[in-house]
Amino acid sequence: MKLIALLAAVTAIAVTPAAFAADDTIIIGMTQSQTGSLNVDSVAQYRGIEMWRDEVNAAGGIAAGGKHYKVKFVSYDDQSQGGRVQQLYTRLIVQDKAEFLFAPYSSGLTATAAVISEQYGKVMIITGGAEEKTYTLGNKYLFQVITPAGHYLSGALEALHSKNPKARVAFVYSDDPFSKAVISAARDQAKEAGFDVVIDESYAPSTTDFGPIVNKIISARADALFGGGHYPDSATLARQIYDQKANLKWESLLVAPGDAKFATLGPAALGVSTGSQWELPVKFTPQFGPTGKEFAEKFKATYHIDADYHSASGYAGGMILQHAIEQAGSVDPEKVAAALNKTDVTIFFGHVKCATEPGDHGMQVAHQMVVAQWVEENGRLSRQVVWPRDAASAPLLYPIPSH
Amino acid sequence: MLRRLSFWIITLFIAVFAIAPAIGGNVELRESLVLATVYVTLATNLNIMLGYAGYINFGSIVFFGLGGYFCVYLMGAPGWPLPVALFAAGTAVSALALVFGLGILRLRGAYFALATIGVNEGVQAFVQNFDPFGGSSGLYLPVTMFKPLGGPMEALWVVYFLLVAIMGASLYLSYAVKLSKFGLGLLSIGQNEDAARILGVPTRRYKALAYSVSAFLPALAGGLYFFKSAFIQPSDAFDLTFSTEAIVIIMLGGQGTIIGPALGAYLYEELRGWLLTSDTFSHFQLVIAGTLLLLIVLFVPGGFMGWLYGRWPRLRKVFE
Amino acid sequence: MSGIGIIASIIDGVLVGSVYGLAAMGLTLIWGVMDVINLTHGSIIVAGMFALYLLTSALGISPYVTLVPVLVGGFLIGLALYWVAVHRMIGQAPLMSLLSTFSVNLVLIGLGTALWGTVFYNVPVSLPGLTWQRYTFPGTHILAAALSAVIAACLYVFLYRTQLGKAIRAVAGNRQAAELVGIPTTRVLALAFGLGVALAGVSGMLIATLFPFTLLSGDAYQLKSFVVIVLGGLGNPAGALLGGIALGLLEGLVTPFIPVSWTLVIEFALFVVALIAFPGGVFALRRS
């Protein structure tokens, strides 16, 4: 009796159509910065990618060429340092048999990882590395989902120009690859727009006291400041500008203002803006996948915190990879790369399309940054989209109220 | 030297490194051994200053980083071939080390240690401002760099074997120094520098020589390592964590011995690699590394070799 | 930059420099008394920063009042650290205590990252400052500098006018002799270590009233502390305060004239030069 039951069960399983059973698995490899200075943004990015994976698997996997593929991740801690990235990515490819890769967080680590992914011919999706140099060295398998560094502050410069075309502009920024790339482009754009650039200096990333620098900005009688770098320095710069009553009319700082914790700066945060890859108020009509609102709600329900643009970038990266595999109908890297080269879609994250010429292959060319600014709403600080105007959820705050 | 057992143990160690990944072209093993060879090279050369002469060089990574920068730079804009660029890098770094060394080697103990940190941080800050070296963005090497060696895949093997050769040279060098009069002088400096000077050991010269010599091979290793990475930036090249790990390795293995740093480097690298890739521990790998180090420093300061010598004193003659 | 701007930068540099000096005082005290370089120094500074944040946000205590609990807490932690990592290293080569404190530091950072990550925290403290022409000296900077000077003065009085202070100086001068005279050296060493750690913690608390911070902020201040004690002379707390002010002065003076990115290069070049040329410290009261 038992044997017949067993046979019946086995037969039943073998015969049942595999509608919700995956035939195969795709392994995706990546490193994340679980320790070290890049920890916060890297983990945020990873959560986005992870949420995508869980959704895909719950729906039965990625459908390609008549089969369904479940997604499995293998990831290691890169400690926010380039030293082990190459070893870890080689391990992911050779030992863990990863078929696709996600890049680490940050431009520097991405550049190091890209050497390995290109050597082995594996498609690598980049959701957290904005610097452009990596794409100019002749690659075939890199695909960037986020807006590159050169456009981070274009919106902010345009917004300033619309209010004060003759503003005196100060560039004070962190001496790291990402910030330098952003400001290098912003500098050219500022000169073209006819702004008067009165200060243009970088500071060591480990700078703790910006007092003298703020005095320099005050002495130069600057109206607007563009710069900063990452968390601690952008936040400290904002605070000291306020404490020293520099009374700048416009402040656009990198990275830190995009984080909810920036509000802990209190009145020093008011009016500070940043370029953001994605904000909740922005409304794109997606061709597939969730809307921005749906994404944000799902994220909040899963992780109990608000989604920021790092998580959105991660999730978008997963969506784009999935779309390409589905379009290619295969998991062969060459076919998927070809599909990624042809990708030109709008999702909750915005319009996504990569460059295909050898000179800048993989660089994102369609996605635009929005300008997010901390404004006061019913007596409380909140971050709203203020530029471009047709995507804005609140009016531009200019000049920043003086005190 | 050839008659000593230690020599053959070193040779065996090198042979294992050379042969193991070659069997079946095991790329994954090769990659994890690359870091191990770098650690052994750094630790062994550092041992000359630290283990013999007792001078703690906290910033020894500066040799590695500068070697990397010189090599990558010379291969980039001026377009020199790898062997020439490497040799030039090694010579340049040794020369700089001699100059710096003459300055800071009059300091003792903790002062010297601090000065080496200052040198490393100062050089890093300088390179960040130095445009020919790419400033803070770093230098990139296009993939075409690997063509003379036969393409990226082959080049990685060549680089690996060269790194093993440099590791081997470091081990033999360290051993030769220990057996020589120079080495004896260094050891006497480590015991009691003032007494050594009074007894006629040319301490200033020996210290400067040791500092300069201990810079050459790490510079070569740096050149190869960053050539392989095709990318160098200041925060990777001058990472103080690396040289601190080298010190930890020497402590783990047993300072002043030959086999100690080699063994310590291998053990350390395996441990870290395992901790990083293990699901349970990766969050706490710093805590575990720290606790382990503390226990060793408190209870087994002689490291692994020290413990070994304690139990079997006769091994001191055999495993040096 | 105008002359007024330069003077403003110098004054602000001196204010912040006083806090650098306070930060370094604990380090130099420990080094001077027991020949130990405390590599947990940076982490303790961060702990002081977190203490300010937790005490003000969770318990609603007014910022400057936290100085007392931080001082006491820091002292107790210092005692614990002494017994765990330092006691057995006394009298051994400096490398050993370097490594033991370094390993404890790894553990602290590892735990901190695992528990809290490297997010930034800000404690909004606002005091009316002094404005002169277009330049403002934030009240927080002025108060922090004043408190640093007061604490330095208290430390001086303690070391030179109290029995315990004299005992500490005796042990620092010659441990064997002190032992022979009947001073309980181990207890004195532990107390000195605790005091050094307490000072580091308090400096962290004051720094957090000025700037936002993350778990990793301690590194930069630890490096600055090294520079300061080299300038001020080992084991010389008054020298540490002066050294800190000198460092702040340097940062304030350099910035108006040179691109800001060169500040660190100059700092470290000065550091190495000072080590070589002034082994007893630039401000040494007695040249060694």
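Residues numbered from 1 in each chain as written. Chains lettered and ligands numbered in written order. Predicted model: local features only at pLDDT ≥ 70, side-chain atom pairs only at ≥ 80, totals over all residues.

**Student:** What is the right way to look at the overall build of chain C in this model?
**Tutor:** Broken down by element type, chain C carries 11 helices and 2 strands. Put simply, chain C runs from its N terminus to its C terminus through helices and strands in the order α-α-α-α-β-β-α-α-α-α-α-α-α. Dimensions of chain C, computed from C-alpha atoms along their principal axes, come out at roughly 60 × 45 × 35 Å. Expressed as a percentage of its 288 residues, the buried residues of chain C come to 60%. Considering only contacts within chain C whose residues lie at least 6 apart along the sequence, 78% involve residues at least 24 apart. (Helix = DSSP H or I, 4+ residues; strand = E, 2+ residues; numbered from the N terminus. Buried ≥ 20, exposed ≤ 12 C-beta atoms within 10 Å, placed from the backbone. Contact = placed C-beta atoms within 7 Å.)

**Student:** Just checking my understanding: could you explain the overall build of chain B for this structure?
**Tutor:** The helix and strand inventory of chain B stands at 15 helices and 2 strands. Taken over the C-alpha trace, chain B has a radius of gyration of 19 Å; the compact-globule value for 320 residues is 20 Å, and the two agree within 12%. For chain B, the spread of C-alpha atoms along the three principal axes comes to 55 × 45 × 45 Å. Out of the 320 residues belonging to chain B, those deemed buried represent 57%. Here the analysis covers contacts within chain B between residues at least 6 apart in sequence; of these, 75% occur between residues at least 24 apart. (Rg over C-alpha atoms; globule rule 2.2 N^0.38 Å.)

**Student:** How should I be thinking about the interface of chain C and chain A in this particular structure?
**Tutor:** Interface size is often expressed as the accessible area that is lost when the parts come together. Taken together, the contact pairs 38 residues of chain C with 31 residues of chain A. By residue number, the principal contributor to the side of chain C that touches chain A is helix H1 (residues 3–34) of chain C, which donates 6 residues. Partitioning the side of chain C that touches chain A into residue classes produces 18 nonpolar, 17 polar and 3 charged. (Nonpolar A, V, L, I, M, F, W, Y, C, P; charged D, E, K, R; others polar.)

**Student:** Help me out: how do you make sense of unusual backbone geometry in this one?
**Tutor:** When glycine is set aside, most residues are seen to have a negative phi, and most peptide bonds are trans. Residues and elements named next belong to chain A. A cis amide bond links Trp-387 with the next residue in sequence, Pro-388, at an omega value of -5°. You can see Pro-388 is positioned in the segment after strand E15 (380–387). Of note, the bond from Tyr-398 into Pro-399 is cis; its omega dihedral lies within 30 degrees of zero at -5°. Among the secondary structure elements, Pro-399 is positioned in the segment after E15. Of note, Arg-221 is a non-glycine position whose phi angle comes to about 55°, a positive value. Within the secondary structure layout, Arg-221 lies in the loop between helix H7 (211–219) and strand E9 (224–228). Assessed through the 10 C-beta atoms surrounding it within 10 Å, Arg-221 is described here as exposed. If you check the backbone angles, Val-255 has positive phi at about 65° while not being a glycine. In this structure, Val-255 sits in the loop between strand E10 (250–253) and strand E11 (272–276).

**Student:** What is the right way to look at the interface of chain A and chain B in this model?
**Tutor:** Between chain A and chain B, the residue contacts involve 27 residues of the former and 26 residues of the latter. Listed by contribution, the elements that provide at least two residues to the side of chain A that touches chain B are strand E3 (67–77), helix H3 (85–94), helix H4 (107–120) and helix H6 (177–193) of chain A. Here the side of chain A that touches chain B gets 6 residues from one element, more than from any other, and that element is H4(A). For the side of chain A that touches chain B, the class distribution of residues is 7 nonpolar, 13 polar and 7 charged.

**Student:** Sorry if this is basic, but what is going on with the confidence of the model for chain C here?
**Tutor:** Interpretation of this model should avoid reading the predicted coordinates in detail wherever pLDDT is low. Taken over all residues, the pLDDT of chain C has a mean of 87, while the share at 70 or more is 97%. If you check the scores for this complex, the pTM reads 0.85 and the ipTM reads 0.86. (pLDDT = per-residue confidence, 0-100.)

**Student:** Teacher, can you tell me more about the sheet that holds E10(A) here?
**Tutor:** The strands that make up a sheet are held in pairs by hydrogen bonds between backbone atoms, and each pair lies either parallel or antiparallel. Residue and element names in this part refer to chain A. One open sheet accounts for 7 strands, arranged E8-E7-E9-E10-E11-E14-E15; its pairing is mixed. Each edge of the open sheet is held by one strand with a lone partner, namely strand E8 (196–203) and E15. Neighbour to neighbour, the strand axes of the sheet diverge by 25° on average, direction disregarded. Direction of pairing for strand E7 (residues 168–174) relative to E9: parallel, over a ladder of 5 bridges. Note that in E9 the partner of Val-172 across the bridge is Gly-227. Packing of H6 onto the sheet brings it into contact with E7, E8 and E9, and relative to E7 it is tilted by some 165°. (Pairing = 2+ DSSP bridges. Axes fitted to C-alpha atoms, helices over the stretch in contact; angles between N-to-C directions.)

**Student:** When you look at the sheet that holds E3(A) in this model, what are you seeing that I'm missing?
**Tutor:** All names here are of chain A. Spatially, 6 strands are ordered E2-E3-E1-E4-E5-E6 in an open sheet, and the strand pairing comes out mixed. Where the open sheet ends on each side, the last strands, each with one partner, are strand E2 (62–64) and strand E6 (142–144). Taking the axes of each pair of neighbouring strands and ignoring which way they run, one obtains an average angle of 30° across the sheet. Pairing geometry for strand E4 (residues 100–102) and strand E5 (residues 123–126), over 3 bridges, is parallel. The residue bridging Phe-102 from the neighbouring strand is Ile-125, located in E5.

**Student:** In this structure, what is going on with the environment of C:Ser100? I would like to understand it.
**Tutor:** Mapped onto the elements, C:Ser100 comes out in helix H4 (residues 94–116). You can call C:Ser100 buried: it has 28 C-beta atoms within 10 Å. As a C-alpha pair, C:Ser100 and C:Val84 span 16 residues in sequence and 9.1 Å in three-dimensional space. If we ignore the near neighbours within four places in the chain, the residues touching C:Ser100 are B:Leu294, B:Val297, B:Leu298, C:Ala85, C:Val86 and C:Met89.

**Student:** Hey, could you run me through helix H10 (residues 237–257) of chain C in this one?
**Tutor:** Turn by turn, an α-helix covers 3.6 residues, leaving residues three or four places apart pointing in a common direction. Under the 1.5 Å per step criterion, the end-to-end length of H10(C) is 31 Å for 21 residues, consistent within 8% with the ideal 30 Å. Of all 21 residues in H10(C), 15 are buried; the element is thus mostly enclosed. (Expected span 1.5 Å × (residues − 1).)

**Student:** Sorry, what's going on with H7(A) here?
**Tutor:** Along H7(A), 9 of the 9 residues are buried, which leaves the element largely enclosed by surrounding structure. Among the residues of H7(A), A:Gly211, A:Pro212, A:Ile213, A:Val214, A:Asn215, A:Lys216, A:Ile217, A:Ile218 and A:Ser219 are the ones counted as buried.

**Student:** I keep staring at the nonpolar core and nothing clicks. Help me out?
**Tutor:** Nonpolar side chains tend to gather and get buried jointly when the protein is soluble and globular. Counting 353 residues, the largest nonpolar core has A:Leu101, B:Tyr39, B:Leu163 and C:Ala192 as its most contacted members. Each of domain 1 (13–147 + 282–360) and domain 2 (151–276 + 369–391) of chain A contributes no fewer than three residues to this core. Those residues in contact with C:Ala192 that sit more than four places away from it in its chain are C:Leu29, C:Ile30, C:Val33, C:Met34 and C:Ile168. (Core = buried A, V, L, I, M, F, W, Y, C linked by C-beta atoms within 7 Å. Domains from an automatic or database assignment.)

**Student:** What is the right way to read the pairing of E10(A) from this model?
**Tutor:** In summary, the side chains of a regular strand alternate between the two faces of the sheet. Residues and elements named next belong to chain A. Side chains Trp-250 and Ser-252 project from E10 onto one buried face, and the interleaved Glu-251 and Leu-253 project onto a second face that is buried too. Across 4 bridges, the pairing between E9 and E10 is parallel. Bridge pairing in E10 links Ala-224 to Trp-250. Considered for its hand, the β-α-β crossover made up of E9, helix H8 (residues 231–243) and E10 is right-handed. In the sheet, E10 pairs with E11 via 2 bridges, with the strands oriented parallel. Opposite Glu-251, over in E11, you have Val-272 as the bridge partner. (Right-handed = clockwise from strand over helix to strand, strands pointing away.)

**Student:** Sorry, what's going on with the environment of C:Ala177 here?
**Tutor:** All names here are of chain C. The residue Ala-177 is located in helix H7 (residues 175–181) in this model. Residue classification places Ala-177 among the exposed positions, given that 11 C-beta atoms sit within 10 Å. Sequence separation between Ala-177 and Tyr-53 is 124 residues; the distance between their C-alpha atoms is 44 Å.

**Student:** How should the packing of helix H2 (residues 41–58) of chain C against helix H3 (residues 67–86) of chain C be read in this particular structure?
**Tutor:** Packed helices, taken two at a time, are described by the angle their axes make and the gap between the axes. Residues and elements named next belong to chain C. For the pair H2 and H3, interaxial distance at closest approach is 10 Å and the crossing angle is 140°. Relative to H3, H2 is oriented oblique. With respect to the hand of their crossing, H2 and H3 are arranged in right-handed fashion. Contact residues: H2 offers Ile-44, Gly-48, Ala-51 and Leu-55, while H3 offers Pro-69, Val-70, Gly-73 and Gly-74. Of the residues that constitute the contact of H2 with H3, the class distribution is 5 nonpolar, 3 polar and no charged. (Parallel < 35°, antiparallel > 145°, perpendicular 65-115°, else oblique. Left-handed = near helix turned anticlockwise from the far one by under 90°.)

**Student:** Explain the confidence of the model for chain B to me, please; I cannot follow it from the model alone.
**Tutor:** Per-residue pLDDT for chain B averages 85, and the proportion of residues at 70 or more is 97%. Confidence scores differ between elements of chain B, with helix H15 (residues 315–318) of chain B showing the lowest mean pLDDT of 73 and helix H3 (residues 61–76) of chain B the highest of 93.

**Student:** It is not clear to me how the packing of helix H4 (residues 82–104) of chain B against helix H9 (residues 203–229) of chain B should be interpreted in this structure. Could you clarify?
**Tutor:** Residues and elements named next belong to chain B. One can describe the packing of H4 onto H9 by two numbers: an axis separation of 8 Å at closest approach and a directional angle of 145°. Of the two elements, H4 crosses H9, and the hand of that crossing is right-handed. Between H4 and H9, the contacting residues are Leu-82, Ala-85, Leu-86, Ala-89, Gly-90, Val-93, Ser-94, Ala-97, Leu-98, Gly-101 and Leu-102 on the first element and Ala-208, Tyr-211, Ser-212, Ala-215, Phe-216, Ala-219, Leu-220, Gly-223, Leu-224 and Phe-227 on the second. Classifying every residue of the contact of H4 with H9 by side-chain character gives 16 nonpolar, 5 polar and no charged.

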